[in-house]
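What follows is each chain in one-letter form.
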Amino acid sequence: MIFDYPPEDAPIRQGDIFVGIPRIDISLQRMLVVDDHGEREVPWRDLLENNEAVHVIVPVRRVAAIVITQDCDAERSPDITLCEIREFRDVERKSKDTKSPKSWKNIITQHARINQKWFYLPPDVRIGFESKQAVDFLVTLRVPREDLKSLGNLRRGRLNDLAGKHFRERIAEFFRRYPYNEWYALDREELTEYRKEYPDTEPYSWQDWSGQEI
Amino acid sequence: MTSGNTATAVEELDTSEDEGQTSLFDVLRGNKFCGTGISARSRGFLNVALILSATSVTAIKDYWVPDTIKTEAQTVNHGIKKPIGRRISRGEALRISQEIQERAERERNEFAEREARGGIQWDKET
């Protein structure tokens, strides 16, 4: 639908979709160090005293992912950064029970109105997407550029021109978000309603109406 | 090597007859050992030893002098000399690795659930 299918030897570009990319998970509380002494479980803070490289055991899962590195960097940079692609229903849990096209339409077109943490990818048999997918901007992966280039057969497709431009802007918007507490401008009644849903909310100084009459 | 020289000097001082009254700084100032019964040959040896130890004293890091080598030297000298952390078997390491992965995925799902509870509920809105 919204994809192109570049040849294996085409240069790596932003919006390229790869399968079988390693996603590594680590725990800073439980680093699994391997050295001449065997295997040990060590909190990362205990390894900070020396600056030498350590070797660790990490779990690796093969995932689909999309290149977010800009085209110019993708030509020269030693590393390529990608974002994981997952089932849309897992990334946007609002859609877990969504069935009707009308509801799907509302969810998918949120992009135009809301700065989401995901980018929608429709099903595509040729790429291997049997169901709706989403780029999860929260999960980034880094792989060596030359190694990725040598695995051209793992590239299953690329966003087409329109989707590519949209993707580029969405990445930029996601990473330049201004972090703020969304309740900061709520008035007394709105904040009361908000706190019913989020009891831990700490009002700002200008939201202290304790000295005022109702 | 320099610390070895310092140890030699201290050892020599301990064998002197002043029963601990002579400090290293006294020796460096040259106002001790007169009439202590130490032979000229021994004194000569001590001088050599103390010169070396003094060299090592001046070589300690001066915080007001920028030292570009300092960081490198610390890096080299602070390697893992003895195992730290809890020793585990390969099997346990693999089991923990699996737990780390499961936890990471569980936390991602929980985060997605929390996010979904906030914001616009599209089904309700329509």
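Shown above is the structure to which this text applies.
Attention here is on the structure that accompanies the text. (Residues numbered from 1 in each chain as written. Chains lettered and ligands numbered in written order. Predicted model: local features only at pLDDT ≥ 70, side-chain atom pairs only at ≥ 80, totals over all residues. Heavy atoms only, no water.)

## A look at the overall build of chain B
Then, in step 1: Helix and strand counts for chain B come out as 6 helices and 1 strand.
Then, in step 2: From first element to last, N terminus to C terminus, chain B shows the α and β order α-α-α-α-β-α-α.
Then, in step 3: Buried positions account for 24% of the 126 residues belonging to chain B.
Then, in step 4: Of all intrachain contacts in chain B linking residues separated by at least 6 positions in sequence, the fraction that spans at least 24 positions is 43%.
Then, in step 5: As presented, chain B carries roughly 9300 Å² of accessible surface, and 55% of it is formed by carbon and sulfur atoms. (Helix = DSSP H or I, 4+ residues; strand = E, 2+ residues; numbered from the N terminus. Buried < 20%, exposed > 50% of the residue type's maximum accessible area, 1.4 Å probe, protein only. Contact = heavy atoms within 4.5 Å. Areas by Shrake-Rupley, 256 points an atom, 1.4 Å probe, with all protein chains shown as cover.)

## Let's talk about the packing of aromatic side chains
Residue and element names in this part refer to chain A.
Then, in step 1: Tallying each qualifying case throughout the model produces 14 aromatic pairs over all chains.
Then, in step 2: Between Phe-3 and Phe-129, the ring centres sit 6.2 Å apart and the planes meet at 70 degrees, which makes this aromatic pair edge-to-face. In this pair, Phe-3 sits in strand 1 (residues 3-4) while Phe-129 sits in the loop between strand 8 (118-121) and strand 9 (133-144), placing the two residues 126 residues apart along the sequence. Across this residue pair, the class does not change: Phe-3 and Phe-129 are buried.
Then, in step 3: Ring geometry for Phe-88 against Tyr-120: centres 5.5 Å apart, planes inclined by 90 degrees, an arrangement best described as edge-to-face. Here Tyr-120 lies in strand 8 and Phe-88 lies in helix 2 (residues 88-91), a separation of 32 residues in the sequence. (Phe/Tyr/Trp six-rings, centres within 6.5 Å; stacked < 30°, edge-to-face > 60°.)

## A short note on the sheet that holds strand 5 (residues 56-57) of chain A
Then, in step 1: The strand order across the open sheet built from 4 strands is 5(A)-3(A)-4(A)-1(B), with neighbouring strands paired in antiparallel fashion. The outermost strands of the open sheet, each flanked by one partner alone, are strand 5 of chain A together with strand 1 (86-88) of chain B.
Then, in step 2: With 2 bridges joining them, strand 3 (residues 31-35) of chain A and strand 5 of chain A adopt antiparallel strand pairing. Bridge pairing in strand 5 of chain A links Leu-32 of chain A to Ile-57 of chain A.
Then, in step 3: Lying over the sheet, helix 5 (residues 90-117) of chain B contacts strand 3, strand 4 (38-42) and strand 5 of chain A together with strand 1 of chain B, oriented at roughly 105 degrees with respect to strand 1 of chain B. (Pairing = 2+ DSSP bridges. Axes fitted to C-alpha atoms, helices over the stretch in contact; angles between N-to-C directions.)

## A word on the sheet that holds strand 8 of chain A
Residue and element names in this part refer to chain A.
Then, in step 1: With antiparallel pairing, 7 strands are arranged side by side in an open sheet as 1-10-2-6-7-9-8. Edge positions in the open sheet fall to strand 1 and strand 8, since each of these has one partner strand only.
Then, in step 2: Taken together, the 9 bridges between strand 7 (residues 79-87) and strand 9 define a ladder with antiparallel strand orientation. Considered in strand 9, the bridge of Thr-81 is made with Arg-142.
Then, in step 3: Sheet contacts for helix 5 (residues 161-175): strand 1, strand 6 (60-67), strand 8, strand 9 and strand 10 (155-159); angle to strand 9, the most-contacted strand, approximately 80 degrees.

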